[in-house]
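# A structural walkthrough
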Amino acid sequence: MKISIIDIGSNTIKLVIYNVMEDNSFIGIHQESTKVRLGETLAFSDSLSEQSILKSIDVLLLYRDITRLESANKVVCVGTSAVRESKNGKYFIDQVLKKTGFKVRVLSGEEEAYYSYLGASMATCIPNGLFFDLGGGSLELVYTEDFKVKKAQALPLGALRLSRTFANQDGSFSKKDCDNMTQKILVTLPTKKGYGIGIDASLVGAGGTLRALGRVDQKRAGFPFEKVHNYRLKLSTIESLQKDLSTLKPSEISSRWPFDPTRVETIVAGIYVIQSIMKKFDFDEIIISGYGIREGILASFIHSPSTLENHNIESLEKQVAKLLSYHCHKQDISNFGLDDMAHNMIYYGLLKEREVEILSYALYTLSTIPATNKYYSLFYRLLDEDYPQLTYREQVILALSIIYSKKMRIGEELYHKYSHLLKPQNLKSLQKIALLLNLARVILKTRSQIRIRLAENKNVIFTVIPTQKSFPSILLKQIIEKAGRIFDIPVQYHILDRTDRLKNSMNNIISLKSHL
């Protein structure tokens, strides 16, 4: 099934067509974005201009053709701050329905915050945090603890709105303009104490301005991947970009910086909002989400179409909590029957907890992707996947571990190519994970059992209990010998025969479930 989401914002109108699978997961298959500046006049008027209304309808007629061409089964069209705040918003909605057939559902500020938070959190899965979505007309803020929303609100701090209020006629800002804009932002933002933000909270942001800043920082740093989701931006980076851009005209920004043309007129105001959030709430890092309101609306609509129609915050809040509890469960090593062995290896100091978590994601990934011997393609595909609970560095470790487990020579080549993204100790981590992936492959495919213990002489002893006669003992021996070198410890192993199996049937044996 194909569902189209049309988001009518203050600066742009966006269309994304999603392919929705039987398990309700989804993937975007077509995307459009057109700058219309529908909310441009709201900085000095209470109404949308007739020109922007006509331009918006032309864009929506184009989007209607695209949704029909792509055979979308359903089109969900929402309006945000520009439509809800304007005096002639109902006139706009009526004209859209009359000319295009699209029924515009106007979101309240609180609804917009919830949907934006849902979309971003499904892809980042951070339980405790301050989330923001910076748009053209408004800024949505959501504070959560253990995925429960404590505060949610929309503030009149959109990048287009601030640009039209404080910028000069040519789009530039003087120092006084910037000072006045900063003062406005800081006065409008709530306080950290008022939100009760805990010390373990993370800052997560969404919106075109933030993603544009992330891409620019990646290019300046020579980052090799075209993916901004889950990327981290430091406060020092934001301040550096603010210093470089704040005195430039939009035309100068466009000629000197690799920003999208739709972003240059609002980028300075957006930077000031982001910096003010970081400084006022004491964050030195932002996690960028590549997902937001459209994914949140889609997930909500798939789960219960009536929620969008009813405009009931209590129902929406319950739905958000339910969807996040489903999407944000951690990959558990116990799903593969490896939890006892992994816990013992942590206890013996052979593995760290984060290494076990990366291992669990790697095992899950191998159980879901098709087998291939095109290892370079596989590596880049793995980097393009979204792993909500892994950092960029940990995702690189995961991808390298899987390639190492399949073809060590190519793994080493890719490691040296991207080692600047890693820390020196990460090489040992990915080698450990790769070895355990190969060990798990043997055990799972042969439906065998395994246990591990530390002998009095500090040797690590692996005991394997086969369930079939044709057990690959030579392959296992090769893996165990590598374990000794990688873990830098003496390693022994035993493959029990049938008699030994009966004798040891009451011992603490780890059973591995076959997922490969």
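The model shown is predicted, which means the values in this text are computed figures rather than measured ones.

## Overview of the state of the cysteines
- Across all of its chains, the model carries one disulfide by this definition.
- Each disulfide pairs two cysteine sulfurs, and for C125 the partner residue is C328, the sulfurs being separated by 2.2 Å. Here the S-S torsion is close to -80 degrees, and the disulfide linking C125 with C328 is therefore left-handed. Taken together, the residues C125 in the loop between helix 4 (109-124) and strand 6 (129-134) and C328 in the loop between helix 14 (313-327) and helix 15 (339-347) connect sequence positions 203 residues apart. You'll find C125 and C328 in the same group, each marked buried.

## Section: the side chain of S429
- Mapped onto the elements of the fold, S429 is located in helix 20 (residues 426-445).
- Engagement of the side chain of S429 in a polar contact is seen with the side chain of E355, the distance being 2.5 Å.

## Some remarks on the nonpolar core
- Counting residues in each nonpolar core, the largest one holds 108 residues, and the members touching the most others are L130, F132, L139, F259 and L439.
- Not counting residues within four places of it along the chain, the set of residues in contact with F132 comprises L139, E140, L141, L203, V204, G205, A206, L210, I274, I277 and I286.
- Formed by 37 residues, the second largest nonpolar core is a distinct cluster that contains V78, F131, I293 and F301.

## As for the packing of helix 12 (residues 293-303) against helix 14
- In the contact formed by helix 12 and helix 14, the axes pass within 11 Å of each other and the chain directions differ by 95 degrees. Between helix 12 and helix 14, the angle is such that the two are roughly perpendicular. Along its contact with helix 12, which presents A299, S300 and H303, the element helix 14 presents L316, Q319, K322 and L323.
- Per-class residue counts for the contact of helix 12 with helix 14 are three nonpolar, three polar and one charged.

## As for the sheet that holds strand 7 (residues 139-145)
- Taken together, the six strands give an open sheet; going across it, the order is 8-7-6-9-11-10, and neighbouring strands pair in mixed fashion. Strand pairing shows two members of the sheet lacking a second neighbour, strand 8 (148-155) and strand 10 (232-234), which therefore form its edges. Averaged over all pairs of adjacent strands, the angle between their axes in this sheet comes to 25 degrees, without regard to strand direction.
- Pairing analysis gives two bridges linking strand 9 (residues 202-206) to strand 11 (residues 285-288), with the strands arranged parallel. Looking at strand 11, one finds that G205 is bridged to I288.

## A short note on the side chain of E355
- In this fold, E355 is placed in helix 16 (residues 353-368).
- K432 provides the closest opposite charge to the buried, unpaired E355, separated from it by 4.2 Å.
- Among residues more than four places away in sequence, those in contact with E355 are L350, S429, K432 and I433.

## Looking at the pairing of strand 13 (residues 460-465)
- Counting buried residues in strand 13 gives six out of six residues, a clear majority hidden from the surface.
- Going residue by residue along strand 13, you find V460, F462 and V464 tucked away on one face and I461, T463 and I465 tucked away on the opposite face as well.
- Relative to strand 13, strand 12 (residues 449-454) runs antiparallel, the two being bridged by six bridges. Residue I452 lies in a different strand from strand 13, and its bridge partner there is F462.
- Taken together, the five bridges between strand 13 and strand 14 (residues 491-495) define a ladder with parallel strand orientation. Counterpart to I461 in the pairing with strand 14 is Q492.
- The handedness of the strand 13 to strand 14 crossover, carried by helix 21 (residues 473-487), is right-handed.

## Quick look at the packing of aromatic side chains
- Enumeration over the complete set of coordinates arrives at 14 aromatic pairs.
- Here the aromatic rings of F223 and F225 are separated by 5.5 Å at their centres, their planes lie at 90 degrees, and the arrangement is edge-to-face. Across the pair, F225 and F223 agree in class, each one buried.
- Their ring planes at 65 degrees and their centres at 5.4 Å tell us that F223 and Y231 sit as a pair that is edge-to-face.
- You can call Y231 buried: its relative accessible area is 9%.
- An aromatic cluster is defined as three or more aromatic residues linked by ring pairs; in this entry it consists of F223, F225, Y231, F379, Y380, Y392 and Y418.

## Considerations on a nonpolar patch on the surface
- Judged by side-chain polarity, M21, I27 and I29 come together as a nonpolar surface patch covering roughly 250 Å² of accessible area.
- If you trace the backbone, I29 turns up in strand 3 (residues 26-35).

## Quick notes on the pattern of salt bridges
- Across all of its chains, the model carries 21 salt bridges by this definition.
- Between E265 and R164 there is a salt bridge, and its shortest N-O distance comes to 3.4 Å. Highlighted residues: E265 in the loop between helix 10 (250-256) and helix 11 (267-280) and R164 in helix 5 (residues 159-166), separated in sequence by 101 residues.
- With a relative accessible area of 27%, E265 lands in the partly exposed category.
- A salt bridge links R354 to E394; its shortest N-O distance comes to 2.5 Å. Linking R354 in helix 16 with E394 in helix 18 (residues 392-406), this pair joins segments that are 40 residues apart in sequence.
- In this structure R354 comes out as partly exposed when scored by relative accessible area, which is 33%.
- Bridged by salt links that share partners, the residues R37, E40, R164 and E265 form one connected network.

Rules of the game
Counting restarts for each chain, with residues numbered from 1 along the sequence as it is written. A pLDDT threshold of at least 70 governs which residues receive local features in this predicted model, and a stricter bar of 80 or more applies before side-chain atom pairs are shown or counted, although totals over entire chains, interfaces and linings include all residues. Hydrogens and water molecules were not included; the side-chain quantities draw on all heavy atoms of the structure. When two cysteine sulfur atoms lie within 2.5 Å, the pair is treated as a disulfide. Helix and strand definitions follow DSSP, with helices as H or I runs of at least four residues and strands as E runs of at least two, each counted in order from the N terminus. Classification of residues uses two cut-offs on accessible area relative to the type maximum, computed with a 1.4 Å probe and protein chains only: under 20% is buried, over 50% is exposed, and between them is partly exposed. Whenever a nitrogen or oxygen atom comes within 3.5 Å of another N or O atom, the pair is scored as a polar contact, on the condition that within protein one atom can donate a hydrogen and the other can accept it, and that pairs from neighbouring residues in sequence are kept only if both atoms are in side chains. As used here, the term nonpolar core means buried Ala, Val, Leu, Ile, Met, Phe, Trp, Tyr and Cys residues forming a set that is joined through side-chain atoms within 4.5 Å. Any two residues whose heavy atoms approach within 4.5 Å are treated as being in contact. In this analysis, axes come from line fits to C-alpha atoms, helices being fitted only over the stretch in contact, and the angle between any two N-to-C directions falls in the range 0 to 180 degrees. By the definition adopted for this analysis, an angle is roughly parallel if under 35 degrees, roughly antiparallel if over 145, roughly perpendicular if from 65 to 115, and oblique otherwise. All residues other than Ala, Val, Leu, Ile, Met, Phe, Trp, Tyr, Cys, Pro, Asp, Glu, Lys and Arg, Gly among them, are scored as polar; the first ten of these are nonpolar and the last four charged. Should DSSP find at least two bridges between two strands, the strands are taken to pair. Think of it this way: Lys and Arg go in the positive column, Asp and Glu in the negative one, and His and the chain ends go nowhere. Basic side-chain nitrogens of Lys or Arg form a salt bridge, by our definition, when they fall within 4 Å of a carboxyl oxygen of Asp or Glu. By convention, a crossover is right-handed whenever its connection, traced from the first strand over the helix to the second and viewed with the strands pointing away, goes clockwise. For Phe, Tyr and Trp, rings pair up if their centres lie within 6.5 Å, where Trp contributes its six-membered ring, and each pair is then called stacked (planes under 30 degrees apart), edge-to-face (over 60) or tilted (otherwise). Here a patch means residues that are over 30% exposed by relative accessible area and free of salt bridges, tied together within 9 Å if like-charged and within 5 Å if nonpolar (Val, Leu, Ile, Met, Phe, Trp, Tyr). Accessible areas in this description were obtained via Shrake-Rupley with a 1.4 Å probe; residue shielding takes into account the shown protein chains only.

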